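These are the residues of each chain, in order.
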Amino acid sequence: MKTVVAALLCSMFAAGVANAAMVTNKDGESAILVIVEGESRIEVVVDSGATEMICPSGCFVTAPSGDHIGLQGDETIEIVNGSVVVK
């Protein structure tokens, strides 16, 4: 029974991560993204060269440059010169 529960939890976690947007910071310094999902607003720090998973259910993102972009949750994104570039 424990094995079944563990397998179910692992598959749910993997499915959630697979559907999240992947953000990679290509700039030389950390970037702060403002993420709005429904009524929730958070700031996510993406260190230089780091990759973060965000917006598993879609969201709106404000980049350091002030760019606003809507995401579905399955995009690959790069931060270049403070701007968001969707790949």
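Student: Give me the overall build of the chain: which residues, what numbers.
Tutor: Broken down by element type, the chain carries one helix and eight strands. Reading the secondary structure of the chain in the N-to-C direction produces α-β-β-β-β-β-β-β-β. Counting across all 87 residues of the chain, residues that qualify as buried make up 30%. Relative to all contacts within the chain whose residues are 6 or more apart in sequence, the contacts with residues 24 or more apart total 45%.

Student: Mind laying out the sheet that holds strand 4 (residues 51-54), listing which residues take part and the relevant values?
Tutor: One open sheet accounts for four strands, arranged 4-1-7-8; its pairing is mixed. Two strands close off the open sheet at either side, each with one partner strand: strand 4 and strand 8 (83-86). In this sheet, neighbouring strand axes are inclined to one another by 30° on average, regardless of whether the strands run parallel or antiparallel. Bridging between strand 7 (residues 76-80) and strand 8 involves four bridges; their strand directions are antiparallel. Paired with Ile-79 across the strands is Val-84, a residue of strand 8.

Student: A description of the pattern of salt bridges should follow, citing residues and the corresponding values.
Tutor: Where charged atoms from two side chains of opposite charge approach closely, those side chains can pair. Following the criterion strictly, the structure yields two salt bridges and no others. Between Lys-26 and Glu-78 there is a salt bridge, with its nearest N and O atoms 3.9 Å apart. Taken together, the positions of Lys-26 in the loop between strand 1 (21-25) and strand 2 (31-37) and Glu-78 in strand 7 put the pair 52 residues apart, joining distant regions of the chain. Overall, the relative accessible area of 19% leaves Glu-78 in the buried class. Across the pair Lys-87 and Glu-78 runs a salt bridge, and its minimum N-O distance is 3.6 Å. For Lys-87, a relative accessible area of 61% gives the class exposed. One connected set of salt bridges, linked through shared partners, spans Lys-26, Glu-78 and Lys-87.

Student: Explain the state of the cysteines to me, using residue names and the numbers behind them.
Tutor: Tallied over the entire structure, the rule returns one disulfide. Two residues share a disulfide in this structure: Cys-55 and Cys-59, whose sulfurs sit 1.7 Å from each other. The chirality of the disulfide connecting Cys-55 with Cys-59 is right-handed, given an S-S dihedral of about 60°. Each member of the pair Cys-55 and Cys-59 is classed as buried.

Thresholds applied
- Residues numbered from 1 in each chain as written.
- Predicted model: local features only at pLDDT ≥ 70, side-chain atom pairs only at ≥ 80, totals over all residues.
- Heavy atoms only, no water.
- Helix = DSSP H or I, 4+ residues; strand = E, 2+ residues; numbered from the N terminus.
- Buried < 20%, exposed > 50% of the residue type's maximum accessible area, 1.4 Å probe, protein only.
- Contact = heavy atoms within 4.5 Å.
- Pairing = 2+ DSSP bridges.
- Axes fitted to C-alpha atoms, helices over the stretch in contact; angles between N-to-C directions.
- Salt bridge = Lys/Arg side-chain N within 4 Å of Asp/Glu carboxyl O.
- Disulfide = S-S within 2.5 Å.

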